Each structure stands twice: as structure tokens, then as C-alpha cells.
Amino acid sequence: MTLKMIKNKHSSFSNHYLSELNDDLTSITDLNLLKFQLIRQRKRLFSNIDLLIKIEVSYENIVFRIDYDNLVKNHNQLNEEYNRLKDEYQHLGHTCLYLINKTHDLIEERNQYYNEWQMNKNLLTPRPDWDKVSNIIDGGFQRWKILSTGKSSEYLLDVLIKEIINGNDLNSIEENDYFESYGDHSSVLTFLRTPKQNRLFNRRMRRRMTGLLIKEIWADKNNKQNNRLNDRNELSSSKTLADHVADYFEKRFDSKSIAIEMGYNLRDACLRYHNSDEINLFWGIITGQIEEMVYHHRMKSISDLLQHLMRMKTFFSSQQDSSLSNARKAIVSEPNSPFSILANRRLSALSLFSTKDYSESPVTHDNLIMTDEQFIQSLKIFYPEKSNSQLDELFLSAKHDLSYLNQSIEFPLLFIEDNDNRFGHFLSILIKQMNEEKFSYVEQIKQILLGYPLITVSQFNRAVSMIDPKITQDELHRYIQWVFSVKKYHSSQQSIKPLDLEDLLRRLENCACFKH
């Protein structure tokens, strides 16, 4: 028997023997058995430690059942809360969209009601402009302001009636059948010069006759100027409107005495009807208080607008879907087109152009009608510097003249005078805006010249150039000639007397000045 077999046998015997022993080592007295028992227990210890380590590694990420149940419960609660908030958010989103759409509808409805209110306000319940009364009562605007401040319309009507009664009593005393002559010296207007012993019959001209006579005078003067231009002759700069009136009356009535008599009647009518803008402008020009170019600039502006509307109508008729840039190109094209010639002819004969004449005209009215949108677009193109409020004012005044009949505008009717030779609401608003722009222009010049006791030509020249850098030299010289009362101005002139600022501004307000 080998040694290895002896050891195995001994080992198996020992294991069998040791297995029969319990774990209580106190009963063992043999040291060898104790040693074997110790070795055995160490093996068991190492085996248990190894098993424990394997178990810890295997179950390291295992969650306790109670913790898992709690997590599942919390997850379900959070999921339910999320679904509830999601439903509420979607409901709020739909509600918000509904409110936005409702707000847009309310805004459109408000705008519609506002436009209807504006139209009805101007058409159905017009409010009187009481400030116009200041032009016909004694004391002018200052006295009327004292009388009218804080007063009701009923009270203002009583004040106006009282003023009219007093004025009529005064006229009945002062109005005679004959005018007294002012003499024939050079300080008297040309068409009023006659010896003092002469007496002139008072024809008591009515307002309509006065307006027609003034229109005829302007038409005759414009025709003569056009004839001079066609003959390539220079215009006579020394001939004033008063000189032309004297020549016109003598030529028309073929009598010096009747011409002087009509001159005195024209003067009397202009003074009595000075509340009319056209008549007052004519009298201011004829007396030298207002530059004649004011009238020509006003009529040219109206003529240019009429030509522009005709061209835009042609453009809209030919190209409905064209862009704004093409529209601008069409405006400046064909300056000698039949539409431009037609506009000039109509404007030159404006005093004879009545509603009846227009209704009987062979021109097809449909060719001269724009939609509201086309009319507004045409105004925006022609007046790019005007604000939206100014354009709205022009549009509403046009609708007012046409009595808001429909959604279209027959624009030639806006350029027709009434039976008293007065412009309609549209042209009156246009002229008012032109005057406001001129006063703003003068105010800017005033701000530069403030602080100078006397204004020289060079200072005035510099101020205008700063405000209006695009002005031409000819226009600037025209300003200087009118403001400083110089017949022919040259830049080399040095002997022009300076003006007080107030006098300069007063002269400038009566000049045809505008920003270029």
C-alpha cells in the first residue's frame, strides 16, 4: 500500500470521525482532533464568506418589495396628475384661441362702427365751425374768442344774430346809392383812379356775381400770360393784378367811366364778402398784401391732383394687379397725354363747370370712377409726405361731397364748384392742409431767425436753405423779392434794407412758400 492511499484513507477516516463530532470543541481533549476541527471550521468559514460575497454581488441592485410598491404608487399618481394638467392645458389653449378670434372680431366690429360713426357724424349731424364767424364780425378773432369762450351753441347763435342785426343796421346807414371817388393820385389802385368830383353808381353786386367776375378776371389774365409764353415774349413783371383789372374792365365795357364804376363795385363787394376765401384771396392780391403766386400755386396743385387721378384711373383700368412701383412709373409718364390736357381745360374753366354740365357731358362716367381703395392708394402715391390722419381727412371729405352714396368715388365731382362759386369740402380741406404745411414751413424758418432784431437778406437766405435744401435759386430769389419788396433781386445786391422779424414772417405767410 502506497503512501498516498494511506493518507486518503486516513483523511476519509478523519472526516468521518470529525463529522460525527458536534461543534462543541470543549468536549475534545485530543489536540490532533482539535487541530483537525479548527481546519474544518476555517474551510466552512471561507466557504460561507465566499457565498455571502456572491449573494451581495448578485442582489446589489435589488429593490425591496415595499420600496417598489411605493415607487409604483407614486408613479401612477404623477402620471394621473400629468394627464390632468395636459388636458387642462389643451382646454386653455383652445379657450385662448377662441378669445383671440373673438377679439379680432370685436376689433373689426369696432372699426366698422367707428367708420360708420365718422360718416354719420359728418353727414347727419354736422357741427358748425363757430370760428368762421370771426371773419365777419367787428373785432375779428380776438373779439369772437372773448364772446364765445365757454358758451353753448344756443348762446353763440344769439350772439351771432345780434351781430348780424347790428351789422345790417350799420350797412343800412352807410350804404348809399353812389360811391365817393378816392381821387386819381398814384396811391389809389389803378382801376379806382378817377377825379374826386365823380360819383359812381352802387350796383350792390351779389356774392355769385362777384365770384363769377373774379373767375373771368383770372381766366383772362391766364390766357394773356399763356399767349405771351407761346409768342416767346417775356412777361411784364411790372404789371400788377390791379393794372390788369383796369385794362380788363376798359376792354370789356368799352367805356372808361363804366370800367371805373365796376371797379368801385368790385371793391365794395370784396369788402362785404371778405369771409369768402376766394374773394378775400383775390382782394389781398389786388391790394398787394398777398403774392399773386399764392393763387397760381393753389390752382396748379389742384390741377396736378386732377391729372394724377386721371392717370391713376387709366393705370388701374389697364393693370389691375400691377405693383406700386409700376404705378409710380405710370404717374410720371405721358405728361402730354389727352388726360392731362383734359384736366387743364377743366380746371381753367372751373367757374363754368357745374354739376349740370358734368351730368350732360358725353364722357362716360364709368371711366372716371375709382373704388375707395384705389382713391386712397392714389392719394398716398401723390402725397407721400402726408400723415395717415391727413389722408383720412381728405378721403372722408371726398365721401362727404359725394354724400357717401356707395363704395366708389366719381372723382371729377370733387373738382366742381357750387352755385356760389365755392369749392367743395374736399378741395377746402386740401387748401386748408396746404396752408397748415406753409405755416409749419414758416415756423421752422422762424425758429432759426429767433434772436435777431433785424433780418438781412443773407440771414434769410441761409435760414431758408437750411430748412429747404432742395429749393432752386429762382424760387429763393422769388421769396426774397416778395419778402423784402425787391423788384429784381441779384445775389450781388448789397443795399437791401433789413426787416424786423415780425414783418418778415407776416410777408412770408402771404407768400407762396412751400417745402420742395
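Look up: the structure comes first, before these words.
Residues numbered from 1 in each chain as written. Predicted model: local features only at pLDDT ≥ 70, side-chain atom pairs only at ≥ 80, totals over all residues. Heavy atoms only, no water.

Asks: Explain helix H16 (residues 425–449) to me, please; I cannot follow it from the model alone.
Replies: Counting along an α-helix, one turn takes 3.6 residues, and residues three or four places apart therefore face a common direction. Compared with an ideal rise of 1.5 Å per residue, which puts 25 residues at 36 Å, H16 spans 36 Å between its outermost C-alpha atoms and is within 8% of the ideal. Burial in H16 covers these residues: Phe426, Leu427, Ile429, Leu430, Ile431, Gln433, Met434, Lys438, Tyr441, Val442, Ile445 and Leu449. Backbone geometry just downstream of H16 places glycine 451 in the positive-phi region, at approximately 105°. (Helix = DSSP H or I, 4+ residues; strand = E, 2+ residues; numbered from the N terminus. Expected span 1.5 Å × (residues − 1). Buried < 20%, exposed > 50% of the residue type's maximum accessible area, 1.4 Å probe, protein only.)

Asks: When you look at a nonpolar patch on the surface in this model, what are you seeing that I'm missing?
Replies: Taken together, the side chains of Leu45, Phe46, Ile49, Ile53 and Val57 make up a nonpolar region of the molecular surface, amounting to roughly 490 Å² of accessible area. Of note, isoleucine 49 is situated in helix H2 (residues 31–58). For isoleucine 49, a relative accessible area of 39% puts it in the partly exposed group. (Patch = residues over 30% accessible without salt bridge, like charges linked within 9 Å, V, L, I, M, F, W, Y side chains within 5 Å. Areas by Shrake-Rupley, 256 points an atom, 1.4 Å probe, with all protein chains shown as cover. Salt bridge = Lys/Arg side-chain N within 4 Å of Asp/Glu carboxyl O.)

Asks: Before we go on, may I ask you to explain empty space enclosed by the protein in this structure?
Replies: Where empty space is left can be seen by rolling a probe of water-molecule size over the atoms. For the structure on display, the rule yields three cavities of 30 Å³ or more. Of the voids in this model, the largest cavity is the one considered here, and its volume is about 160 Å³. Lining the largest cavity are 17 residues, and of these Ile214, Lys215, Glu278, Ile279 and Asn421 lie nearest its centre. Put simply, the parts of the chain that give the lining of the largest cavity at least two residues each are helix H6 (207–230), helix H9 (277–286) and helix H10 (293–318). When residues in the lining of the largest cavity are grouped by element, the largest group, five residues, is from H6. The residue makeup of the lining of the largest cavity, split by class, is eight nonpolar, three polar and six charged. (1 Å grid on protein atoms, 1.4 Å probe; cavity = no way out; pocket = protein on both sides within 12 Å on 5 of 7 lines; lining within 4 Å. Points joined across faces, edges and corners; volume = space filled by probe spheres on them. Nonpolar A, V, L, I, M, F, W, Y, C, P; charged D, E, K, R; others polar.)

Asks: What should I look at first to understand unusual backbone geometry in this one?
Replies: With a phi angle near 55°, aspartate 254 is a residue other than glycine that sits in the positive phi range. Along the chain, aspartate 254 falls in the loop between helix H7 (241–253) and helix H8 (256–272). For aspartate 254, a relative accessible area of 69% gives the class exposed. In this model, serine 485 sits at a positive phi of 55°, which is unusual for a non-glycine residue. Here serine 485 shows up in the loop between helix H18 (473–483) and strand S6 (499–500).

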